[in-house]
Amino acid sequence: MSAVDSIELYFVNIPLPAPFSPAWFTNGKRSSTAFYLVRIRTGDGVEGFSAFSAAGRERAGSGDSLASLLLGKDATDIDHVLEMLHIPGYGGIRNFWVEPAFWDIKGKLAGKPVCELLGGKPCKLNLYVSAGEVKAPAERIEEALRNLEAGFRVMKLRVHDMDEAVDIRQVQEPARALEGRMKFAVDCNQAFWLTGNGPGPKWDLARAKRFADACHEAGLLWVEEPLFMERYADMAALAAYSRIPISGGELHTQGLPELAHMIDKRCYHIFQPDAMWTGGIQQTMEVARLARKAGLKFTPHTWSNGIGFAVNMQIMAASGFQHEMVFEYPYNPPGWTLEARDALLQQPWRHERGTLQVPDKPGLGFDIDEKALAHYGKCFFRASRKTVSWMPEALRDLTPAAPLAR
Ligand SMILES: [Mg+2]
């Protein structure tokens, strides 16, 4: 047995080279990207990492339960790890994002990439470039042409206007301008409503149907998250109605039970869970299996940071959908760049003409850049089988990740 010897938690805050205004956050402007990083070390010195998006200090106390549940346990027994991570969930704190760190350890111990442990093998993935901001059609077309030039053949757009006619123009015009050269998908980001900075669009089934019709006519590939994520019946009705695939699933934090129910109800045609939110690697792999069984499609969401991207990439390479679906590549310069997204990694995930080779390196396939971690991160919790230290002072001067423009 390879026992968990220590657990460290870091708060990492990486400045963005330019302000970034995510489509999903009305009036929100981000100047940095922030996440929690966990480092699990075993008694034989193997380290595993995972990371989860942060807003501020909301996980400051998480170390207490993680340490009491995981120290001394077999790091390779994923079933038991998941069982332990489930427990704080009943108190409202979901910790499934920690599970990939154990797969990282398991892969390193076995000398194999995680995708191989999952039954796949390192392969070349076809990517779609995923924009994060809403842009006016002229600017969007220029951006699409730059992406085309870089080798991408599929791009995901964003819409988030109060006026649905504006949304429709934002998909129609690029589709018309690049017809025959590039395909588009669109993310409506209606699964959750972030209206803290003022009112944002809130779609109902009728608007979602009209938008899906317009996207079908414009020749798009899919329409992502056109409805609030808990409106299961409406989603199923939309999917049954729509002539274009409806997709979603990145934020279903109850994990497999919820997504299995949604597959059963055929809420989406394409399931896009993200292991960091939707139950870790093991549960997300099961979503892929169930989607296949139901005749539906699967391609994981990856928009968080370079570590979340790596985790979902390993899943994609073993999902059975790796040769038929495109895989999300978050990239929205000048704010959301490869350098900022992957700042903590020794080797950033650089695409090659719109493709990416999954590495054959053991574990999740990346090395943490310890210098970058020392620069951008603050360790606020460290526990071993011998000592526990909580360093609240590390979080005292923390600037929340997303100072919000109002
Ligand atoms: Mg999305």
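Analysis parameters
Residues numbered from 1 in each chain as written. Predicted model: local features only at pLDDT ≥ 70, side-chain atom pairs only at ≥ 80, totals over all residues. Heavy atoms only, no water. Helix = DSSP H or I, 4+ residues; strand = E, 2+ residues; numbered from the N terminus. Polar contact = N/O pair within 3.5 Å; in protein donor to acceptor, adjacent residues only side chain to side chain. Expected span 1.5 Å × (residues − 1). Core = buried A, V, L, I, M, F, W, Y, C linked by side-chain atoms within 4.5 Å. Buried < 20%, exposed > 50% of the residue type's maximum accessible area, 1.4 Å probe, protein only. Domains from an automatic or database assignment. Salt bridge = Lys/Arg side-chain N within 4 Å of Asp/Glu carboxyl O. 1 Å grid on protein atoms, 1.4 Å probe; cavity = no way out; pocket = protein on both sides within 12 Å on 5 of 7 lines; lining within 4 Å. Points joined across faces, edges and corners; volume = space filled by probe spheres on them. Nonpolar A, V, L, I, M, F, W, Y, C, P; charged D, E, K, R; others polar. Pairing = 2+ DSSP bridges. Right-handed = clockwise from strand over helix to strand, strands pointing away. Donors = N, O, S within 2.8 Å, 3.2 Å for Na, K, Ca; no water. Axes fitted to C-alpha atoms, helices over the stretch in contact; angles between N-to-C directions. Contact = heavy atoms within 4.5 Å. Buried area = accessible area lost by both parts, 1.4 Å probe.

Q: Please set out the side chain of D104 residue by residue, giving values where relevant.
A: Looking at the secondary structure, you find D104 in helix α3 (residues 99-110). At a separation of 2.8 Å, a polar atom in the side chain of D104 contacts the main-chain amide nitrogen of L364.

Q: Quick rundown of helix α11 (residues 306-318)? Include the residues and the values.
A: The terminal C-alpha atoms of α11 lie 19 Å apart, and with 13 residues this matches the ideal 18 Å at 1.5 Å per residue to within 8%. A distance of 2.9 Å separates the backbone nitrogen of I307 from a side-chain oxygen at the start of α11, and that oxygen is part of N305. Of the residues one or two after α11, G320 is the one with positive phi, at around 90 degrees.

Q: Tell me about the nonpolar core, residues and numbers included.
A: Ranked by size, the top nonpolar core spans 132 residues in total, and within it L37 and F211 carry the most contacts. With 9 residues, the single largest contributor to this core is α11. Viewed by domain, this core spans two of them, domain 1 (4-111 + 366-396) and domain 2 (116-357), each represented by three or more residues. Among the nonpolar cores identified, the runner-up in size contains 7 residues, and L16, W24, W303 and W336 belong to it.

Q: Any details on the pattern of salt bridges? Residues and values, ideally.
A: All chains considered together, the criterion is met by 23 salt bridges. Note that E143 and R140 form a salt bridge whose closest N and O atoms lie 2.9 Å from each other. Of the two residues, E143 and R140 both sit in helix α5 (residues 137-150), 3 residues apart, roughly one turn of that helix. R140 carries the same exposure label as E143, and that label is buried. In this structure, R341 and D342 form a salt bridge, with 2.8 Å as the shortest nitrogen-oxygen distance. In this pair, the class of R341 matches that of D342, namely buried. One network of salt bridges, in which partners are shared, links E8, R39, R41, E47, E370 and R382.

Q: Tell me about empty space enclosed by the protein, and name the residues and values.
A: Enumeration according to the criterion identifies 1 cavity of 30 Å³ or more in this entry. What the largest cavity holds in volume is close to 30 Å³. Taken together, I14, F35, N305, G306, I307, A340, R341, D342, A343, L344 and L345 form the lining of the largest cavity. Residue assignment for the lining of the largest cavity shows that the elements contributing at least two residues are α11 and α12 (338-341). Across the lining of the largest cavity, the residue classes tally to 7 nonpolar, 2 polar and 2 charged.

Q: An account of the pairing of strand β6 (residues 183-187) is requested, with residue identities and associated values reported.
A: With 4 of 5 residues buried, β6 lies mostly within the body of the structure. Across 5 bridges, strand β5 (residues 154-158) lies against β6 in parallel orientation. Note on β6: the bridge partner recorded for L157 is V186. As judged from the 2 bridges shared by β6 and strand β7 (residues 223-224), these two strands associate in the parallel manner. From the neighbouring strand, D187 faces β7, where its bridge partner is E224. With respect to chirality, the unit in which β6 leads through helix α7 (residues 205-218) into the neighbouring parallel β7 is right-handed.

Q: I'd like a description of the coordination of the magnesium ion, backed by residues and values.
A: Of the protein atoms, only D187 (OD), E224 (OE) and E250 (OE) coordinate the magnesium ion, at distances of 2.1 to 2.3 Å. For the magnesium ion, the donor residues sit on a single chain with the sequence spacing D-x36-E-x25-E. Residue D187 is found in strand β6, and its partner E250 is found in the loop between β8 (246-248) and α9 (256-264); the two are separated by 63 residues along the sequence. A single burial state applies to D187 and to E250, both of which are buried.

Q: Give me the lowdown on the sheet that holds strand β1 (residues 4-20), citing residues and values where you can.
A: Strand order in this open sheet of 5 strands is β3-β2-β1-β13-β14, and the pairing throughout is antiparallel. Where the open sheet ends on each side, the last strands, each with one partner, are β3 (47-53) and β14 (388-390). Between one strand axis and the next, the sheet turns through 20 degrees on average, direction left out of account. The pairing of β1 with strand β13 (residues 377-384) spans 7 bridges and is classified as antiparallel. Counterpart to S6 in the pairing with β13 is S384.

Q: An account of the domain arrangement of the protein is needed here, citing residue identities and associated values.
A: How big an interface is tends to be stated in terms of accessible area lost as the parts join. Taken domain by domain, the protein holds domain 1 (4-111 + 366-396) and domain 2 (116-357). Computed from C-alpha atoms alone, the centre-to-centre distance between domain 1 and domain 2 is 25 Å. Contact with domain 1, which involves 43 residues of that partner, is made by 42 residues of domain 2. Summing both partners gives a buried area of about 3,700 Å² for domain 1 against domain 2, and 67% of it is carried by carbon and sulfur. Contact with domain 2 buries area across many residues of domain 1, yet W24, W103 and F366 alone supply 20% of it, more than any other trio. On the surface where domain 1 and domain 2 come into contact, there are 0 salt bridges.

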